[in-house]
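Examining the three-dimensional arrangement
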Amino acid sequence: MLKIYYGSEAAPKESFIFDRIDPDRKTIIIVPDQYSLQMEKNVLEHFREKTGRRTLLNIMVADFNALGNKVVREAGGRMPELIDRYGRHMLLAVVVSRLAKAERLGIYRKMEGRSSFISEANQMISEMKRYGVSPADIGDAAEKADGFLKLKLNDIEAIYDEYEDSIQGRFTDTEDYMSLCGKLMETSEIIKGADIWVYGFDTFTPLNMQFMGSLLMWGSQLNVVMTCEYTGETSVR
């Protein structure tokens, strides 16, 4: 079951969530990575005041990636060798150099060794992965373009495709990781029967949506709490 709640910035959304959590039921609260420690503290303080409990064995606070890690470990599978944005940056520097030396780049052929360009390519590939854009999609767009844009898209496709070939069978990009986790949720005791709350996000990428789709399918209930534009109300609906 999916339930979506919304409230203004001033609405007491955390209290709304906590008041609807049964500490004796398996519950997962998903928040952005930078907020997970604070949320754990807030949960403990709320239920210590409400129930006197000092530990909450049935409530888990995690971000999307941390929850994915737990699902993979539970499945007993070997954790894939992950490559994060720092490793991606180093590998992209090698990729761009290789393509430039092989004269496979056009408009970006002089960008070899330029850290600022590698950083931009790194961010671009990260964003494309989050939104489900493949090298083939870039190639399709290049075929429909012309002039300067076509040249840029051809080079971007070459860099992206070469990067994917470089990690194939060796590493899993952290941006691809949640797709792997979603496939394991069917047999996950962590997810099975859990009441799940998603809170603190302004937007969701397609990968986030895919992950939540798996949570909805295999969990007991998925509750999403969003902030909406101010309407003059301070309640959560």
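Not measured: the values here are computed from a predicted model.

**So, the overall build of the protein chain**
Counting its secondary structure elements, the protein chain contains nine helices and seven strands. For the protein chain, the C-alpha atoms occupy an extent of roughly 70 × 50 × 30 Å along the three principal directions. Scored against the burial criterion, the 237 residues of the protein chain give a buried share of 43%. Residue pairs in contact within the protein chain that sit at least 24 positions apart in sequence constitute 81% of those at least 6 positions apart. Accessible surface, the protein chain: about 13300 Å² in total, of which carbon and sulfur atoms supply 50%. Measuring between centres, the 30 positive side-chain charges of the protein chain sit 3 Å from its 36 negative side-chain charges.

**Section: the packing of aromatic side chains**
All chains considered together, the criterion is met by eight aromatic pairs. With a centroid separation of 5.9 Å and an interplanar angle of 20°, the aromatic rings of Tyr5 and Trp197 are classed as stacked. Taken together, the residues Tyr5 in strand S1 (residues 2-7) and Trp197 in strand S6 (residues 195-199) connect sequence positions 192 residues apart. Accessibility assignment for this pair places Tyr5 and Trp197 in one class, buried. Taken together, a centroid distance of 5.4 Å and an interplanar angle of 40° make the contact between Phe201 and Phe204 tilted. One exposure class covers both Phe201 and Phe204, and it is buried. Among the aromatic residues, ring-to-ring pairing joins Phe64, Phe201, Phe204 and Phe211 into one connected group.

**Digging into the pairing of S6**
For S6, the buried fraction is high: five of the five residues fall into the buried class. Burial along S6 is two-sided: the residues Asp195, Trp197 and Tyr199 and Ile196 and Val198 are all buried. Two elements, strand S2 (residues 27-30) and S6, share four bridges in a ladder whose sense is parallel. Counterpart to Ile29 in the pairing with S6 is Trp197. Pairing geometry for S6 and strand S7 (residues 221-227), over five bridges, is parallel. Considered in S7, the bridge of Tyr199 is made with Val225. Since S6 and S7 lie parallel, the crossover through helix H9 (residues 206-218) that links them has a hand, and here it is right-handed.

**Side note on the environment of Arg48**
You can see Arg48 is positioned in helix H2 (residues 36-51). Sequence-distant contacts of Arg48, that is, excluding residues within four places in its chain, are made with Arg53 and Arg54.

**Quick look at the environment of Lys150**
For Lys150, the location among the structural elements is in helix H7 (residues 147-167). On the basis of relative accessible area, Lys150 is assigned to the partly exposed category, the value being 29%. Sequence spacing of Lys150 and Arg170 is 20 residues, and the spatial spacing of their C-alpha atoms is 31 Å. Ignoring sequence-local partners within four residues, the contact set of Lys150 consists of Ala142, Glu143 and Ala145.

**Thoughts on unusual backbone geometry**
At Glu103, a position not held by glycine, the phi torsion is positive, near 55°. Within the secondary structure, Glu103 sits in the loop between helix H4 (85-101) and helix H5 (115-130).

**Comments concerning the layout of surface pockets**
Taken as a whole, the largest pocket spans an internal volume of roughly 820 Å³. Surrounding the largest pocket, 27 residues form its lining, Asp33, Asn65, Arg130, Glu175 and Asn208 being those nearest its centre. For the lining of the largest pocket, the secondary-structure elements that each account for two or more residues are helix H3 (64-75), H4, H5 and H9. Its residues assigned to classes, the lining of the largest pocket comprises seven nonpolar, 11 polar and nine charged.

**A closer look at H3**
Taking 1.5 Å per residue as the helical rise, H3 with its 12 residues ought to reach 16 Å, and the 17 Å between its terminal C-alpha atoms agrees with that figure. Along H3, the residues classified as buried are Phe64, Leu67, Gly68, Val71 and Val72. Each buried residue of H3 sits inside an arc of 140° when the element is viewed along its axis, so together they form one side. On its buried face, H3 sits against S2, strand S3 (59-62), helix H8 (177-184), S6 and H9. The N-cap of H3, judged by a side-chain oxygen 2.9 Å from the amide nitrogen of Asn65 a few residues on, is Asp63. One or two positions beyond H3, positive phi appears at Gly76, with a value near 80°.

Conventions we followed
- Residues numbered from 1 in each chain as written.
- Predicted model: local features only at pLDDT ≥ 70, side-chain atom pairs only at ≥ 80, totals over all residues.
- Heavy atoms only, no water.
- Helix = DSSP H or I, 4+ residues; strand = E, 2+ residues; numbered from the N terminus.
- Buried < 20%, exposed > 50% of the residue type's maximum accessible area, 1.4 Å probe, protein only.
- Contact = heavy atoms within 4.5 Å.
- Areas by Shrake-Rupley, 256 points an atom, 1.4 Å probe, with all protein chains shown as cover.
- Lys, Arg positive; Asp, Glu negative; His and termini not counted.
- Charge placed at Lys NZ, Arg CZ, Asp CG, Glu CD.
- Phe/Tyr/Trp six-rings, centres within 6.5 Å; stacked < 30°, edge-to-face > 60°.
- Pairing = 2+ DSSP bridges.
- Right-handed = clockwise from strand over helix to strand, strands pointing away.
- 1 Å grid on protein atoms, 1.4 Å probe; cavity = no way out; pocket = protein on both sides within 12 Å on 5 of 7 lines; lining within 4 Å.
- Points joined across faces, edges and corners; volume = space filled by probe spheres on them.
- Nonpolar A, V, L, I, M, F, W, Y, C, P; charged D, E, K, R; others polar.
- Expected span 1.5 Å × (residues − 1).
- Arc of directions from axis to C-beta.
- Polar contact = N/O pair within 3.5 Å; in protein donor to acceptor, adjacent residues only side chain to side chain.

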